[in-house]
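Notes for the structure review
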Amino acid sequence: SQQGEEDPQALSIQEGENATMNCSYKTSINNLQWYRQNSGRGLVHLILIRSNEREKHSGRLRVTLDTSKKSSSLLITASRAADTASYFCATSNQGGKLIFGQGTELSVKP
Amino acid sequence: DAGVIQSPRHEVTEMGQEVTLRCKPISGHNSLFWYRQTMMRGLELLIYFNNNVPIDDSGMPEDRFSAKMPNASFSTLKIQPSEPRDSAVYFCASSFRGPSTDTQYFGPGTRLTVL
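Residues numbered from 1 in each chain as written. Chains lettered and ligands numbered in written order. Predicted model: local features only at pLDDT ≥ 70, side-chain atom pairs only at ≥ 80, totals over all residues. Heavy atoms only, no water.

1. Side note on the interface of chain A and chain B
Taken residue by residue, the interface counts 21 residues in chain A and 20 residues in chain B. Regarding the contact of chain A and chain B, the summed buried area is about 1600 Å², with carbon and sulfur atoms giving 44% of it. If you look at where chain A meets chain B, you find zero salt bridges. Inspection of the chain A/chain B interface yields two residue pairs in polar contact (both at pLDDT 80 or more). Mapped by element, the contributors of at least two residues to the side of chain A that touches chain B are strand 4 (31-37), strand 5 (43-50), strand 9 (85-92) and strand 10 (98-100) of chain A. Looking at side-chain class alone, the side of chain A that touches chain B contains six nonpolar, twelve polar and three charged residues. (Contact = heavy atoms within 4.5 Å. Buried area = accessible area lost by both parts, 1.4 Å probe. Salt bridge = Lys/Arg side-chain N within 4 Å of Asp/Glu carboxyl O. Polar contact = N/O pair within 3.5 Å; in protein donor to acceptor, adjacent residues only side chain to side chain. Helix = DSSP H or I, 4+ residues; strand = E, 2+ residues; numbered from the N terminus. Nonpolar A, V, L, I, M, F, W, Y, C, P; charged D, E, K, R; others polar.)

Next up, the structure:
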């Protein structure tokens, strides 16, 4: 079964707006990662946040992690048409493998 | 670095035929993963190797699927015999698994269609 579940499943916004995606998971984790997948391509790693971190930034990306609620959010600020893609959260535990959620499909309209 | 290389990029075959997918991980990476992605089931981990040794194959659907990693620079995923329900995009990913990192790098995928 999936460890991570993203919300919403699909999000459509205008260029320049902010996009927020959420991820919930079920068990304890070492870290949580966010990946992006453009249509017809492989997944690309965006950002990793460790279980002892609460917030992390990378360019226009901001990730938060709340281990007490077993949830994370990904914020993309000032979105661009090129941000149109599917976004996945993935959790990692001691076992060394990642468990991916079903993803959020983001559409940014110019 | 060329990244993770997968071949073929597209494969169309008939039910009952053997299919072999190939993957070359990033040089220096010690872990390799095979995933399958479909609209219905999302991204599923099939099997992963650490230092060329299979660690977890619990995601392999059934005995028709097998995977090998004869050396650090090559892995295969074989389906024999193939069935229409095997149609999916198959991704290979590699990582350098250390105490503080396990970011995975994905290949472009192989789109398999079984008629």
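So much for the structure itself; the text now carries on.
2. A word on the sheet that holds strand 1 (residues 5-7) of chain B
Residues and elements named next belong to chain B. Pairing is antiparallel across the open sheet formed by four strands, whose spatial order is 1-3-8-7. A strand with exactly one partner marks an edge of an open sheet, and here the two such strands are strand 1 and strand 7 (65-71). Put simply, the sheet's adjacent strands are angled 15° from each other on average, direction ignored. Here strand 7 runs beside strand 8 (residues 74-79); their pairing, made up of five bridges, is antiparallel. For Phe65, the partnering residue across the bridge sits in strand 8 and is Ile79. (Pairing = 2+ DSSP bridges. Axes fitted to C-alpha atoms, helices over the stretch in contact; angles between N-to-C directions.)

3. Focus: the state of the cysteines
All names here are of chain A. Overall, the coordinates contain two disulfides over all chains when judged by the stated rule. Each disulfide pairs two cysteine sulfurs, and for Cys23 the partner residue is Cys89, the sulfurs being separated by 2.0 Å. The sign of the 65° torsion about the S-S bond sets the Cys23-Cys89 disulfide as right-handed. You can see Cys23 sitting in strand 3 (residues 19-24) and its partner Cys89 sitting in strand 9, a full 66 residues away along the chain. Each member of the pair, Cys23 together with Cys89, is buried. (Disulfide = S-S within 2.5 Å. Buried < 20%, exposed > 50% of the residue type's maximum accessible area, 1.4 Å probe, protein only.)

4. Some details on the pairing of strand 9 (residues 88-95) of chain B
Two faces make up the sheet, and in a regular strand the side chains alternate between them. Residues and elements named next belong to chain B. Summarising burial for strand 9: eight of the eight residues are buried, a large majority. Note that strand 4 (residues 31-38) and strand 9 share seven bridges and pair antiparallel. By the bridge assignment for strand 9, Leu32 is matched with Ser94. Inspection of the sheet shows strand 9 paired to strand 11 (residues 110-114) by three bridges, in the antiparallel sense.

5. Concerning the sheet that holds strand 7 (residues 61-66) of chain A
Residues and elements named next belong to chain A. Pairing within the open sheet is antiparallel, and its five strands lie in the order 1-3-8-7-6. Each edge of the open sheet carries a strand with a single partner, namely strand 1 (5-7) and strand 6 (55-58). Pairs of neighbouring strands in the sheet enclose a mean axial angle of 20°, with direction left out of account.

6. Thoughts on the environment of Ala2(B)
Structurally, Ala2(B) is set in the segment before strand 1. Overall, Ala2(B) belongs to the exposed group, its relative accessible area being 66%.

7. Some points on the side chain of His29(B)
Residues and elements named next belong to chain B. With respect to the element layout, His29 can be found in the loop between strand 3 (19-24) and strand 4. Within the local environment of His29, its side chain forms a polar contact with the backbone nitrogen of Ser95, the two atoms lying 3.3 Å apart. With residues near it in sequence (within four places) discarded, His29 still touches Ser94, Ser95, Phe96 and Tyr105.

8. What about the pattern of salt bridges?
What the rule picks out here adds up to eleven salt bridges over all chains. A salt bridge links Glu55(A) to Arg62(A); the shortest N-O distance between them is 3.1 Å. The class for Arg62(A) is partly exposed, based on a relative accessible area of 31%. The salt bridge involving Arg85(B) is made with Glu62(B); its shortest N-O contact spans 3.3 Å. Taken together, the positions of Arg85(B) in the loop between strand 8 and strand 9 and Glu62(B) in the loop between strand 6 (53-56) and strand 7 put the pair 23 residues apart, joining distant regions of the chain.

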